[in-house]
Amino acid sequence: MSLRIVVTVKYVPDATGDRHFADDLTVDRDDVDGLLSELDEYAVEQALQISENSDDDVEITVLTVGPEDAKDALRKALSMGADKAIHVEDDDLHGTDAMGTSLVLAKAIEKAGFDLVVSGMASTDGTAGIVPALVAERLGVPQVTLLSQVAVEGGAVTGRRDGDTASEQLQAALPAVVSVTDQSGEARYPSFKGIMAAKKKPVESWDLSDLGIEAEEVGLEGAWTTVEAAAERPARTAGTIVKDEGEGGKQLAEYLAGQKFI
Amino acid sequence: MAEVLVYVDHVDGAVRKPTLELLTLARRIGDPVAVALGNGAGETASVLAEHGAVKVYTHEAAEYADYLVVPKVDALQAAVTAVSPAAVLVPSSAEGKEIAARLALRIKSGIITDAVDLEAGENGPVATQSVFAASFTTKTRVSTGTPVITVKPNSAAVEAAAAAGAVEALTVSFSQAATGTKVTSRTPRESTGRPELTEAAIVVSGGRGVNGAENFAVIEALADSLGAAVGASRAAVDAGWYPHSNQVGQTGKSVSPQLYIANGISGAIQHRAGMQTSKTIVAVNKDAEAPIFDLVDYGVVGDLFDVVPQLTEEVKTRKG
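Residues numbered from 1 in each chain as written. Chains lettered and ligands numbered in written order. Predicted model: local features only at pLDDT ≥ 70, side-chain atom pairs only at ≥ 80, totals over all residues. Heavy atoms only, no water.

- In the nomenclature of an unreviewed UniProt entry, chain B is known as Electron transfer flavoprotein subunit alpha/FixB family protein of Streptomyces tabacisoli.
- Turning to chain B, the UniProt annotation filed under Sequence similarities (unreviewed entry) states: "Belongs to the ETF alpha-subunit/FixB family."
- What the UniProt record of chain B gives under Function (unreviewed entry) is the line "The electron transfer flavoprotein serves as a specific electron acceptor for other dehydrogenases. It transfers the electrons to the main respiratory chain via ETF-ubiquinone oxidoreductase (ETF dehydrogenase)." (UniProt positions renumbered as here; feature names shortened; annotations may be inferred.)

- If you look chain A up in an unreviewed UniProt entry, it shows as Electron transfer flavoprotein subunit beta from Streptomyces tabacisoli.
- The heading Sequence similarities (unreviewed entry) in the UniProt record of chain A holds the text "Belongs to the ETF beta-subunit/FixA family."

Given below as structure tokens:
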């Protein structure tokens, strides 16, 4: 038996950097360093653990859609231990929304061949958390999402989903789409050996024509939503800051009462 | 007027507050038509009518509890077919966003997630979003299909507005995909008696400075004096001092209460991403250089174990 896992990852602007928008109201990727979205590290980790716990022959492919620099995200995942990588890169992808991204991912996953797709719960830039569900809808396979625990055995995936009001145990037959939360398990650091090995691992490059996608289906033109305006939030007016000299709690209470919270 | 579908988030017939907020927002763009699914769906009708629902579609079936997400998508799609709405509004919970996304894809419509405000516009509803850890505000509209918009809790004040609330049974035929992901067991979250974190008007949070699970009692006492929810920073959760379900931040929950009180939290970007849209921000921290003080309306530089209990006592006294 073999198990083919595709891990979808995203190259995102560093959240600790000064993120902003370009003139066309897409995310500016030129002026801020990018990296593998932290939440996707958990997806790579879970794929590696599934592989380590499996008697099957497991192959882990990392897949990303993004500009040239996005290769850095793939290299990081390869150095953690993934086997190979696919980079979907095309100038026409600039400005693609979540709908378009899910289309490209689904087509690429189908082309790569898969039994299991593993994603992070959300990207750390867009943060919507809808792409895994969209990919499942497009692929016509079960979604087993937002898992804090995940296991694959006997052709089925099981996991725990912690919701607002309840924790649920889920089960679905493969093939399926899984997304994992930051509670699924600390992601490993790449070892020196892993980093050296990653340099030799294959990275395939595909463009839209390889996936049979027309340019107008993606990009800013193909987006089904329009950002009409983006404005930097005005800096907060400096707040009142007091030093506690024994009455700090009472002073704070006075402030809260003045604001009608008490 | 155009009809606007509102997906009802309820627990066994008890409607959760974000749905009532959605009904208020829906009235800005049309006549709200509510869709309530699953066990207790019929019991939601009266409270929905009191908040402006002209019609309430209900459908009860075991599938909604027994399988993940897709049965609800099937039902919402049936409702869209029945009324051809001007927009579909869904609460921005994790599940709500997944339901909305799959629905939008099926009906070939754009989706906007995590809106914090909604207005009627010339070309359809315009949603306000708060992005990049709330450092930017964007105005976005759906340009293709029927706008599907998920709205964050606390984005509007709940307003009562009596309407007919005529109950109608929705006809739903489940898709093949509906039974794909089985819910094999469900453990309800133990109630703390405190408001739910994302819905609370006041959130009191603790971080690294709380320095131990047992010390969270100090944070809880303040929260209880104010009728608030308790939050925790990732550092506190990773240390095992407080449950992950209470984590505020980029990888936890995003909150937008009227008042946010951060105690012993330095204010790393990951935390700010989850609380920066709070209306009033207050912090207590020993370190005068902590980045959280850049965000606050009122800050106290001091030991939280001195300041917080004193504040709690003062709140109790003032509330009599």
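Alright, that's what it looks like, and here's the rest.
### A short note on the overall build of chain A
- Along its length, chain A carries seven helices and 13 strands.
- If one aligns the C-alpha atoms of chain A with their principal axes, the spans along those axes are about 70 × 40 × 40 Å.
- The buried share of chain A, reckoned over its 262 residues, is 50%.
- Split by element, the accessible area of chain A, about 11,800 Å² in all, is 45% carbon and sulfur.
- Of the side chains in chain A, 23 bear a positive and 49 a negative charge, and the two mean positions are spaced by 5 Å. (Helix = DSSP H or I, 4+ residues; strand = E, 2+ residues; numbered from the N terminus. Buried < 20%, exposed > 50% of the residue type's maximum accessible area, 1.4 Å probe, protein only. Areas by Shrake-Rupley, 256 points an atom, 1.4 Å probe, with all protein chains shown as cover. Lys, Arg positive; Asp, Glu negative; His and termini not counted. Charge placed at Lys NZ, Arg CZ, Asp CG, Glu CD.)

### Things to note about the overall build of chain B
- Helices and strands together make up the secondary structure of chain B, namely nine helices and 17 strands.
- A globule of 320 residues ought to have a C-alpha radius of gyration of about 20 Å, and chain B, at 21 Å, matches this closely.
- A principal-axis box enclosing the C-alpha atoms of chain B has dimensions of 60 × 45 × 40 Å.
- The 320 residues of chain B split such that 60% are buried.
- Sequence separation of 24 or more characterises 65% of the internal contacts of chain B that already satisfy a separation of 6 or more.
- When the accessible surface of chain B is totalled, it reaches about 11,400 Å², and 48% of it is carbon and sulfur. (Rg over C-alpha atoms; globule rule 2.2 N^0.38 Å. Contact = heavy atoms within 4.5 Å.)

### A few points about the sheet that holds strand β7 (residues 143-153) of chain A
- Strand order across the open sheet formed by ten strands is β11(A)-β5(A)-β4(A)-β1(A)-β6(A)-β10(A)-β7(A)-β8(A)-β9(A)-β12(B), with mixed pairing between neighbours. Two strands lie at the open edges of the sheet, namely β11 (203-206) of chain A together with β12 (181-188) of chain B, each paired on one side alone. Neighbour-to-neighbour, the strand axes of this sheet turn through a mean angle of 30°, independent of strand direction.
- The sheet contact formed by strand β8 (residues 156-162) of chain A and strand β9 (residues 166-173) of chain A spans seven bridges and is antiparallel. Note on β9(A): the bridge partner recorded for A:D162 is A:S167.
- Across the face of the sheet, helix α4 (residues 131-139) of chain A comes into contact with β6 (116-120), β7 and β10 (176-180) of chain A while running at roughly 175° to β10(A). (Pairing = 2+ DSSP bridges. Axes fitted to C-alpha atoms, helices over the stretch in contact; angles between N-to-C directions.)

### Here's the deal with the confidence of the model for chain B
- Looking at chain B, pLDDT values average 95 and 100% of them are 70 or higher.
- For this predicted complex, the interface confidence reaches an ipTM of 0.94, while the overall pTM sits at 0.93. (pLDDT = per-residue confidence, 0-100.)

### Points about the interface of chain A and chain B
- Contacts between chain A and chain B engage 72 residues on the former and 87 residues on the latter.
- Interface area, chain A with chain B, both sides summed: about 7,100 Å², of which 57% is carbon and sulfur.
- Contact with chain B buries area across many residues of chain A, yet A:D164, A:W224 and A:R236 alone supply 11% of it, more than any other trio.
- Run the count over chain A and chain B and you get seven salt bridges.
- The closest approach of N and O atoms between A:E168 and B:R186, which form a salt bridge, is 2.9 Å.
- Across the chain A-chain B interface, the total number found is 42 residue pairs in polar contact (both at pLDDT 80 or more).
- At the level of secondary structure, the elements contributing two or more residues to the side of chain A that touches chain B comprise α1 (38-52), α4, β7, β8, β9, β12 (225-232), β13 (240-243) and α7 (248-258) of chain A.
- Of the residues forming the side of chain A that touches chain B, the biggest block, ten residues, is contributed by α7(A).
- In this sheet, β12(B) lies alongside β9(A) in antiparallel orientation, the contact comprising seven bridges. (Buried area = accessible area lost by both parts, 1.4 Å probe. Salt bridge = Lys/Arg side-chain N within 4 Å of Asp/Glu carboxyl O. Polar contact = N/O pair within 3.5 Å; in protein donor to acceptor, adjacent residues only side chain to side chain.)

### Focus: the environment of B:P18
All names here are of chain B.
- Following the sequence through the fold, P18 ends up in helix α1 (residues 17-26).
- Given the relative accessible area of 7%, P18 is considered buried.
- As a C-alpha pair, P18 and T113 span 95 residues in sequence and 14 Å in three-dimensional space.

### Description of the sheet that holds strand β10 (residues 148-151) of chain B
- Strands sit in the order β12(A)-β9(B)-β8(B)-β7(B)-β10(B)-β6(B)-β1(B)-β4(B)-β5(B)-β11(B) across an open sheet of ten strands; the sheet is mixed. Each edge of the sheet is formed by a strand with only one pairing partner; in this case those strands are β12 of chain A together with β11 (166-169) of chain B. This sheet shows a mean twist of 35° between the axes of neighbouring strands, independent of strand direction.
- Relative to strand β4 (residues 31-37) of chain B, strand β1 (residues 3-7) of chain B runs parallel, the two being bridged by five bridges. For B:V4, the partnering residue across the bridge sits in β4(B) and is B:P32.
- In the packing of α1(B) onto the sheet, contacts are made with β1, β4, β6 (87-91), β7 (111-119) and β10 of chain B, and the angle to β1(B) comes to roughly 170°.
- In the packing of helix α4 (residues 70-83) of chain B onto the sheet, the strands contacted are β1, β4, β5 (55-59) and β6 of chain B, and the crossing angle to β1(B) comes to about 170°.

### Some thoughts on the pairing of strand β13 (residues 202-206) of chain B
All names here are of chain B.
- Burial analysis of β13 places five of its five residues in the buried class, which makes it a mostly covered element.
- Side chains I202, V204 and G206 project from β13 onto one buried face, and the interleaved V203 and S205 project onto a second face that is buried too.
- The pairing of β13 with strand β14 (residues 229-232) spans four bridges and is parallel. The residue of β14 that forms the bridge with G206 is A232.
- Assessed by its sense of winding, the connection that carries the chain from β13 through helix α6 (residues 216-226) to β14 is right-handed. (Right-handed = clockwise from strand over helix to strand, strands pointing away.)

### With respect to the environment of B:G252
- For B:G252, the position within the fold is in the loop between α7 (234-238) and β15 (259-263).
- The spatial distance from the C-alpha of B:G252 to the C-alpha of B:V69 is 21 Å, given a sequence separation of 183 residues.

### Thoughts on a negative patch on the surface
- Taken together, A:D18, A:D30, A:D31, A:D69, A:D72 and A:E232 make up a surface patch of like negative charges.
- Examined against the element boundaries, A:D69 turns out to sit in the loop between β4 (57-65) and α2 (71-80). (Patch = residues over 30% accessible without salt bridge, like charges linked within 9 Å, V, L, I, M, F, W, Y side chains within 5 Å.)

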